[in-house]
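Each chain, written out:
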Amino acid sequence: MSIDNRLPDRGELNSRYSKLVPIYEKVLIGVAQDLKDALLAAGLNPTIKYRVKSFDSYFNKLIRRMRQNQGSCVPEEITDILGVRIIFPFLEDIETAEKIIRTSFSVTGSEKKGINHSFREFGYEATHLMLRMEPYIPEETGLEVASCCEIQISTILQDAWSEVEHELVYKAEFTPFDLPLKRKLAALNANLTLADIIFQEIRDYHRAMQLELKKRRSLLYERTGIYETIAGPQSSAGTTVDQETVLQQSDSIPEDNIDNILLKAITAHNEGRYPRAISLYSRLLEVENLPSVKSIIHNHRGMAYLAQAKYPEAIDDFSEAINLDTSNFRAYNYRGLCRRMIGDHGTAIDDFNTSITVNPYQSESYYSRALAWYDLGDIARAFEDCNSALNFKPESSSIRSFFDMVRKKMFE
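About the thresholds
Residues numbered from 1 in each chain as written. Predicted model: local features only at pLDDT ≥ 70, side-chain atom pairs only at ≥ 80, totals over all residues. Heavy atoms only, no water. Helix = DSSP H or I, 4+ residues; strand = E, 2+ residues; numbered from the N terminus. Expected span 1.5 Å × (residues − 1). Bend = angle between axes of the 7 residues up to and from the residue. Buried < 20%, exposed > 50% of the residue type's maximum accessible area, 1.4 Å probe, protein only. Contact = heavy atoms within 4.5 Å. Polar contact = N/O pair within 3.5 Å; in protein donor to acceptor, adjacent residues only side chain to side chain. Arc of directions from axis to C-beta. Phe/Tyr/Trp six-rings, centres within 6.5 Å; stacked < 30°, edge-to-face > 60°. Disulfide = S-S within 2.5 Å.

*Asks:* Please clarify how helix 1 (residues 10-41) should be interpreted in this entry.
*Replies:* A rise of 1.5 Å per residue sets the reference length of helix 1, with its 32 residues, at 46 Å; its end C-alpha atoms lie 44 Å apart and thus fit the reference within 8%. Along helix 1, the helix axis deviates most sharply at L20, where the bend reaches about 30 degrees; the proline P22 sits within four residues downstream. Every buried residue belonging to helix 1 is among L13, Y17, L20, I23, Y24, V27, L28, V31, A32, L35, A38 and L39, and all of these are buried. Here the buried face of helix 1 lies against strand 1 (47-52), helix 2 (55-68), strand 2 (82-88), helix 3 (92-104), strand 4 (126-132) and strand 5 (148-155). Between the side-chain oxygen at the start of helix 1 and the backbone nitrogen of G11 there is a gap of 3.1 Å, and the oxygen is on D9. Where helix 1 ends, the next residue or the one after it, G43, has phi of about 90 degrees, a positive value.

*Asks:* Is there a simple way to explain helix 8 (residues 274-287) in this structure?
*Replies:* Counting along an α-helix, one turn takes 3.6 residues, and residues three or four places apart therefore face a common direction. Spanning 14 residues, helix 8 covers 20 Å between terminal C-alpha atoms, matching the ideal 20 Å at 1.5 Å per step. Three or more residues of helix 8 are buried, namely Y274, A277, I278, L280, Y281, L284 and L285. Along helix 8, the residues classed as buried sweep out an arc of 165 degrees about the axis, all on the same side. Residues P275 and E286 are exposed on helix 8 and point more than 90 degrees away from its buried face. Packed against the buried residues of helix 8 are helix 7 (258-270) and helix 9 (291-307).

*Asks:* Looking at this model, I keep getting lost on the packing of aromatic side chains. Mind explaining?
*Replies:* For any pair of aromatic rings, geometry is given as the distance between the ring centres together with the angle between the planes. Tallying each qualifying case throughout the model produces 10 aromatic pairs. Plain terms: the ring middles of Y17 and Y58 are 4.8 Å apart, the flat faces sit at 25 degrees to each other, and that makes the pair stacked. Of this pair, Y17 sits in helix 1 while Y58 sits in helix 2, and the two are 41 residues apart along the sequence. Summarising the burial analysis for this pair, Y17 and Y58 share the class buried. Where Y374 meets F402, the ring centres are 5.5 Å apart and the plane angle is 70 degrees; that geometry is what we call edge-to-face. Of this pair, Y374 sits in helix 13 (residues 364-375) while F402 is found in helix 15 (residues 397-410), placing the two residues 28 residues apart along the sequence.

*Asks:* Looking at this structure, I do not really get the state of the cysteines. What am I missing?
*Replies:* Here a disulfide denotes a covalent bond joining the sulfur atom of one cysteine to the sulfur atom of another. Per the counting criterion, the structure on display carries 0 disulfides. Between C148, a cysteine without a disulfide, and C149, which holds the nearest cysteine sulfur, the sulfur-to-sulfur distance is 7.7 Å. Residue class for C148 comes out buried when judged on its relative accessible area of 12%.

Right, here's the structure in full:
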């Protein structure tokens, strides 16, 4: 499709372009699948869309380029005939995907759309990569095909904006009378940009919270299980880790909202600074009014008391958590753990039974009840409950170790 300074013949160009479209579509299927496979292998699961530029869009862009360049335009200047959009929910996935694509594919160029916007400006933002097409071009076609494919990597909201902008701005000829509409579009884009940032912040918070909760539950079961030591900064003998390191980790979290205070409390909890954690949990209970949320906070504070072997205080907190929310199956389980630790195995097993009744699809209470049966010398029931716990959480090394020990004891 050689183009010179003369006005191109639309009919002839359309005929030649139409012959190439089936080849373009076949090529794009291969490109999209390879991109999908590479990203899935890295643990990413994007939405991928692809398209061959319509002839009308191609021709109009060609004419615009000729007008801008005073009549000259070559096919290589139209680099988005083949387009693939890779769409993620969160901002952080964009950078990860770009690194994967640069490593796995032949990238000839890139552009960060919107990177030069000032703090007063909002508009289309995305990462564009140019992918070489030689590996995908069928040699036997004998037809000229696009030399590159434009890869656009964006969030869901950035993609939504690009669709709207393309229809309302890119395809339209805005006039000075449309300035109020432009302002509305700019305000809308600003809101979408802010929403992307907030979504990422929520994801970061959720990830950090889940990590801390996982650490804390692991410490709890090592404290109340068959084994006598506590993993982490404080052992059952009371040995602590370097407090300067601890303070640097947890005190960097600001206390500017309830979520951060909770995260800071759980982090201090995991670091073995139980009085500090209890103080923060108590502070949250003073300002929080929603019963279901207060129930969870009582769970947290009760676990901090439990870690210090302050069983009466812990039982009071777990009982209050149950009063506030009878569906809080973890509170029944944790109260049962406390009662087991003070030798009250009968009421402990009652709590584990109730926890399993409220939520039969969990490993924790089956494991806790297995520990109680083991204490009582009922190896068969301990084995049965431990097997049920493994059914829900086969990757748990602590449950697996206990299961192996119980099984060995059964056949002694």
